[in-house]
Amino acid sequence: MQEAFNGANTAWMLLSTVLVMLMTMPGIILFYSGMLRAKNALSIAAHVIAGGAVITIVWAAVGYSIAFTDGDGWFGGMGKAFAAGLVGGKAVAHPAAPTIPESVFFLFQLAFAVISFAIVLGATAERLRLVVAAIFAALWSVFVYAPIAHWVWHPTGWLAKMGHMDFAGGTVVHIAAGATGLAAAMVVGPRTGFGKQPMAPHNLLITVLGAGLLWAGWFGFNAGSAFEASPRAAGALLATQLAACTGAVAWGGCEYLRRGQWSVLGMMTGAIAGLIAVTPASGFVGPDGALYIGAISGVACFAAVAWFKSTTGIDDSLDVFALHGVGGLVGTVLTPVFALVSIAPVTATVWINTIGALAVMAYAGVATWVMLVVLSMFVRLRVDGTAEKVGLDIAQHGEMLTPPKSSAA
């Protein structure tokens, strides 16, 4: 089997894996950190690092096997538990990526699992305890992420059998993370002073840098999902750039119509909205489809961010549901609309993709709710009032973004 490995494809997938890893550390860390108050800027980094470390261990132990081995429509088996058979003389390829070593496929999919949970952490920022984030990461990766990945991306999964179309994670990553973030924010509860005290970002330039890393890494995220260096990968990369740019322009236009200004944060958030929405469609649509999806998602996510918190009163700190949940839903539903048979077979209708999207949203949300409610019976989910007032950086980690000014003259 090793003779069939393609060097160009393997090199591209190794590079794509690195790009997706960079989306989390430092991309998500910087993107989220800059939008928080200075007293909590380091805490989100701690949560992302801890979550990524835990998920890596769990993915090697059982997560990958649940997601990507033969089984029934709901779960894979344990044939690849503890990454069995991924390295050494008998290593082969995974059927989904037949021209690269399975260890590379394993790593690429691990990067997806890591960033999916990192996205969730934006919903509970500034009040979740670090130990809870670590436990939650392990439970979520096994009971939510891995099964959903199996449903959609393994041939035996029940959504895969229906023909559900998700090229790079609109359903598996963004809808699942968005629904999880919403449920987590509801269970953990709002930040002290939410809706009453200003909670302005402490450094938007850091956020822009993080968003830029996310944007660049998304090329590996989407184009890498072709699992080969090919025209389809190039088309996915083109679609990714076009959707990001139309999302940025659409969001900026909405801001201008609403308040007569275009914000830097708004344009970058619009680009992220376009990237989210084009993710499930990137390997199925042409340039025109990417433009439409980016524009529609920019408007839809702008509306969700503008009105969700004020309407529901739910403190989703960094708008995880309004961006990833809504953007993922828009992109997933529109994928069959703009998919081209000249690129790949169109296996789903709008109805099929909608069923898949709503099923994943419901499962991720309910499973997260149950998981955290049960966990709250054994450990306190959030920091106490004093720690929240002082800031999680000092209270949880004994560190601060900038040292206090010396009292010396």
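That block above? That's the structure.
Let us look at the structure shown here. Chains are numbered independently. Their residues run from 1 in the order of the written sequence. With the structure being a predicted model, the display of local features is reserved for residues of pLDDT at least 70 and the display and counting of side-chain atom pairs for 80 or more, all residues being used for whole-chain, interface and lining totals. Hydrogens and water are ignored here; the side-chain numbers use all heavy atoms of the structure.

What to know about the side chain of Thr-180
With respect to the element layout, Thr-180 can be found in helix H6 (residues 170–188). Accessibility expressed as a relative area gives 0% for Thr-180, which makes it buried. The helix count covers DSSP runs of H or I at least four residues long, the strand count covers runs of E at least two residues long, and both are numbered beginning at the N terminus. Burial here depends on accessible area, computed with a 1.4 Å probe over protein chains only, as a share of the maximum for the residue type. Under 20% is buried, over 50% is exposed, and the range in between is partly exposed.

Some remarks on the packing of aromatic side chains
Between rings of Phe, Tyr and Trp, where Trp is taken as its six-membered ring, a pair exists when centres lie within 6.5 Å; planes separated by under 30 degrees are stacked, by over 60 edge-to-face, and by other angles tilted. Tallying each qualifying case throughout the model produces 25 aromatic pairs. On the basis of an interplanar angle of 55° and a centroid distance of 5.0 Å, the ring pair of Trp-151 and Tyr-363 is categorised as tilted. You can see Trp-151 sitting in helix H4 (residues 130–153) and its partner Tyr-363 sitting in helix H12 (residues 350–375), a full 212 residues away along the chain. Residue classification places Trp-151 among the buried positions, given a relative accessible area of 4%. Note on Trp-251 and Phe-302: the rings are 5.4 Å apart at their centroids and 90° apart in plane angle, and the pair reads as edge-to-face. Residue Trp-251 is located in helix H8 (residues 231–259), and its partner Phe-302 is located in helix H10 (residues 287–312); the two are separated by 51 residues in the primary sequence. When sorted by exposure, Trp-251 lands in the same class as Phe-302, which is buried. Ring-over charges, as used throughout, are those where CZ of Arg or NZ of Lys falls within 6 Å of the ring centre and within 35 degrees of the ring normal. Just above the ring of Trp-307 sits the side chain of Arg-258; from NZ or CZ to the centre is 5.3 Å.

Observations regarding a nonpolar patch on the surface
Each patch is built from residues that are more than 30% exposed by relative accessible area and take part in no salt bridge. Like charges join if they lie within 9 Å; nonpolar side chains (Val, Leu, Ile, Met, Phe, Trp, Tyr) join within 5 Å. In this description, accessible areas are obtained by the Shrake-Rupley approach with a 1.4 Å probe, and a residue is regarded as covered only by the protein chains that are shown. Every case where a carboxyl oxygen of Asp or Glu lies within 4 Å of a side-chain nitrogen of Lys or Arg is listed as a salt bridge. Together, Met-186, Val-366, Trp-369, Val-370, Val-374, Met-377 and Phe-378 line one region of the surface with nonpolar side chains, adding up to about 740 Å² of accessible area. Looking at the nonpolar patch, the element that brings in the most residues is H12, giving 4 residues.

Observations regarding the environment of Val-366
By the secondary structure assignment, Val-366 is in helix H12. A relative accessible area of 54% places Val-366 in the exposed class.

Describing unusual backbone geometry
With an omega dihedral of 20°, the bond running from Met-25 to Pro-26 counts as a cis peptide bond. By the secondary structure assignment, Pro-26 is in helix H1 (residues 7–35). Unlike most non-glycine residues, Glu-126 shows phi in positive territory, near 80°. Position of Glu-126 among the secondary structure elements: in the loop between helix H3 (102–120) and H4. Judged by relative accessible area, which is 3%, Glu-126 ranks as buried.

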